[in-house]
Number of protein chains: 2
Amino acid sequence: MDQASGSPLERGQGCVLRVFRGFSSIYANLKARAGHICTPNMIAETPNPPYYAVIFTSLRTEGDNGYGAMADEMNELAKLQPGYLGIESARDGLGITVSYWRSLDDIKNWKANTRHLIAQKTGRDQWYEHYKVRICKVERDYGF
Amino acid sequence: MDQASGSPLERGQGCVLRVFRGFSSIYANLKARAGHICTPNMIAETPNPPYYAVIFTSLRTEGDNGYGAMADEMNELAKLQPGYLGIESARDGLGITVSYWRSLDDIKNWKANTRHLIAQKTGRDQWYEHYKVRICKVERDYGF
């Protein structure tokens with residue numbers, strides 16, 4: 001049956017379905033370009049070690065001040081960088097974000113990304129009371 | 001003035017003061033033995049790299065089932081282990097706990113601690129849906 005026929009309710013469902021498919025396709029496209037399957041609130045599916053981790057621990061200032069939008073943008077932008085392997089994030093007073101990378105050069109390139117440099121500067125000026133960045137080599141991992 | 005003399009109120013204050021001093025002394029003692037100044041919701045004050053990090057990322061099952069009490073106990077017990085440098089923790093759906101250590105041997109000894117082995121087994125059996133442990137060498141750090 002053609003989706004344009006049928007009751008107005010059925011046509012509405014068709015429209016919602018098309019919009020949903022549109023978003024799914026954008027998401028699948030981003031995922032394919034980034035070559036990974038994870039979101040910040042999932043355990044990252046990283047390859048066998050060795051690989052690298054950036055542990056970013058922070059205490060926020062009061063108020064949003066554009067932080068939420070920039071954090072979302074940085075999460076999406078990071079996924080598109082060469083060597084990106086995944087990200088994990090939690091905030092509970094203290095914020096911890098761990099991003100995983102193939103090499104130290106990939107981390108250096110992401111740190112030097114123009115848009116990311118703006119985020120880093122605004123972070124120091126406005127969003128963070130304190131933060132610490134630790135660059136690590138993951139030597140071993142296990143889990144279930 | 002002897003604290004036993006004076007009004008009942010003054011004697012009460014003296015008692016509270018002695019109890020407080022008792023707790024302060026236990027806390028100072030623990031802190032001195034552990035040789036660090038941090039709690040799980042603060043940024044850990046780690047020494048200059050290199051040192052080691054254990055990134056523990058987890059998704060919990062439903063309900064507490066004794067998890068909270070054991071987590072508190074493990075945090076306190078970890079602090080007393082040789083080579084312990086600090087801990088950072090946040091849960092927001094996903095849980096991330098990063099503990100910092102002087103060497104790989106210190107991490108191995110803590111993993112083999114009898115009480116900790118029980119916690120690890122109960123974790124796999126009851127508390128966690130999934131988890132991942134990553135053993136890392138911290139090569140560089142910076143912050144403000």
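Before reading on, note that the structure itself is shown above.
S.K.: What am I meant to see in the overall build of chain A here?
M.R.: When you go through chain A residue by residue, the secondary structure sums to four helices and four strands. Listing every helix and strand of chain A by position from the N terminus yields α-β-α-β-β-α-α-β. Each of the 144 residues in chain A was classed as buried or not, and the buried ones make up 40%. Considering only contacts in chain A between residues 6 or more positions apart, those separated by 24 or more positions represent 74%. Summing over all exposed atoms, chain A offers an accessible surface of approximately 8,200 Å²; the carbon and sulfur share of this is 56%.

S.K.: Please clarify how the relation of the copies chain A and chain B should be interpreted in this entry.
M.R.: Put simply, the two copies of the chain differ by a rotation about an axis and a shift along that axis. Mapping chain A onto chain B leaves a residual RMSD of 0.0 Å; the transformation is a rotation of 180 degrees accompanied by 0.0 Å of translation along its axis. Overall, the copies show the geometry of a two-fold rotation axis. Looking at the interface residues of chain A, 100% of them are also at the interface in chain B, so both copies use one shared face.

S.K.: What's the story with the environment of B:Ile135 in this structure? I'm lost.
M.R.: Topologically, B:Ile135 is positioned in strand S4 (residues 128-143). On the basis of relative accessible area, B:Ile135 is assigned to the buried category, the value being 5%. Sequence-wise, B:Ile135 and B:Val54 are 81 residues apart; in three dimensions their C-alpha atoms are separated by 4.8 Å. Not counting the four nearest positions on each side in its chain, B:Ile135 is found in contact with A:Lys137, A:Val138, A:Glu139, A:Arg140, B:Ala53, B:Val54, B:Leu104 and B:Ile107.

S.K.: For this particular structure, what's the right way to read unusual backbone geometry?
M.R.: Comment: phi is negative for the bulk of residues other than glycine, and the bulk of peptide bonds are trans. Residues and elements named next belong to chain A. Across the junction of Pro49 and Pro50, the peptide omega takes the value 5 degrees, indicating a cis bond. Tracing the backbone shows Pro50 in the loop between helix H1 (8-34) and strand S1 (51-60). Phi at Asn65 is positive, roughly 50 degrees, even though this residue is not glycine. On the secondary structure map, Asn65 appears in the loop between S1 and helix H2 (67-79).

Reading the values: the criteria
- Residues numbered from 1 in each chain as written.
- Chains lettered and ligands numbered in written order.
- Predicted model: local features only at pLDDT ≥ 70, side-chain atom pairs only at ≥ 80, totals over all residues.
- Heavy atoms only, no water.
- Helix = DSSP H or I, 4+ residues; strand = E, 2+ residues; numbered from the N terminus.
- Buried < 20%, exposed > 50% of the residue type's maximum accessible area, 1.4 Å probe, protein only.
- Contact = heavy atoms within 4.5 Å.
- Areas by Shrake-Rupley, 256 points an atom, 1.4 Å probe, with all protein chains shown as cover.
- Least-squares fit on C-alpha atoms with pLDDT ≥ 70 in both.

Limitation: the analysis is restricted to geometry and does not speak to function.
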